[in-house]
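Chains, contacts and geometry: an overview
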Amino acid sequence: MGNSSSMLTQYDIEEVQQHCKHAFTQQEIVSLYHRFCQLDRNNCGFISSDEFLSIPEFAVNPLSQSLLRMLDGLNFKEFVAFLSAFSPRATLHHKIQFIFKVYDTDCNGKVTFHDMLRALRDLSGSFMSEQQREEVLTQVLEEAGYAKDSSLVLSDFVKILGNSGLKMEVEIPVD
């Protein structure tokens, strides 16, 4: 499973579907497999950072560098698991876990003010000064009941975003 010379078996599809907690239908998994094979230009069963950057929408995403840290070297099963956070069938908790991983740039299970500031810098570009970013972020943290020097863990993200009506969805074209 994972290179374009092989085909997905029914067992593979069911295994991937179970791995991604049924966030995708079997037909969507087959479509994702075809897209994965297109991206895997070296037919090695993994997608490199360069191959991800060949997707124009990904290359211009302001968080692409943070996402690349999570993406480099994914096999097909991991690729689908990564994308499952964007499925309309993904739970809110799953989506929040994904966002937490994007912000936790050093993978230590904690998100600091500087981690959040880095993401805000990526998202705002030159539209905000560094001072404005720090002020906005400090205010948001204080409104959520946290100090600037707090380190947030996943349960904090769940508390903050748990009632937000968060939407992170992409449409998977089905051939």
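Residues numbered from 1 in each chain as written. Predicted model: local features only at pLDDT ≥ 70, side-chain atom pairs only at ≥ 80, totals over all residues. Heavy atoms only, no water.

Looking at an unreviewed UniProt entry, one finds the protein chain named EF-hand domain-containing protein, with Sphenostylis stenocarpa as its source organism.

The backbone of Lys21 shows a phi angle near 55°, a positive value even though the residue is not glycine. Structurally, the position occupied by Lys21 is in the loop between helix H1 (10-19) and helix H2 (26-39). With a phi close to 55°, Cys107 is a non-glycine residue in the positive phi region. Within the fold, Cys107 resides in the loop between helix H7 (92-103) and helix H8 (113-124). (Helix = DSSP H or I, 4+ residues; strand = E, 2+ residues; numbered from the N terminus.)

All told, the structure shown has 10 aromatic pairs when counted by the stated rule. Ring centres of Phe100 and Phe157 lie 5.1 Å apart, and the angle between their planes is 85°; on these two criteria the pair is classed as edge-to-face. Separated by 57 residues along the polypeptide, Phe100 in helix H7 and Phe157 in helix H10 (residues 154-161) bring together distant segments of the chain. Like Phe100, the residue Phe157 is buried in the burial classification. Through a chain of ring-to-ring contacts, the aromatic side chains of Tyr33, Phe36, Phe52, Phe58, Phe76 and Phe79 assemble into a single cluster. (Phe/Tyr/Trp six-rings, centres within 6.5 Å; stacked < 30°, edge-to-face > 60°. Buried < 20%, exposed > 50% of the residue type's maximum accessible area, 1.4 Å probe, protein only.)

Per the UniProt record, the feature "domain: EF-hand" (unreviewed entry) sits at residues 27-62 and 91-126. Along residues 27-62 the backbone is 61% helical and 0% strand, and the end-to-end C-alpha distance reaches 30 Å. The span residues 91-126 carries 67% helix and 0% strand; its end-to-end C-alpha distance comes to 34 Å. (UniProt positions renumbered as here; feature names shortened; annotations may be inferred.)

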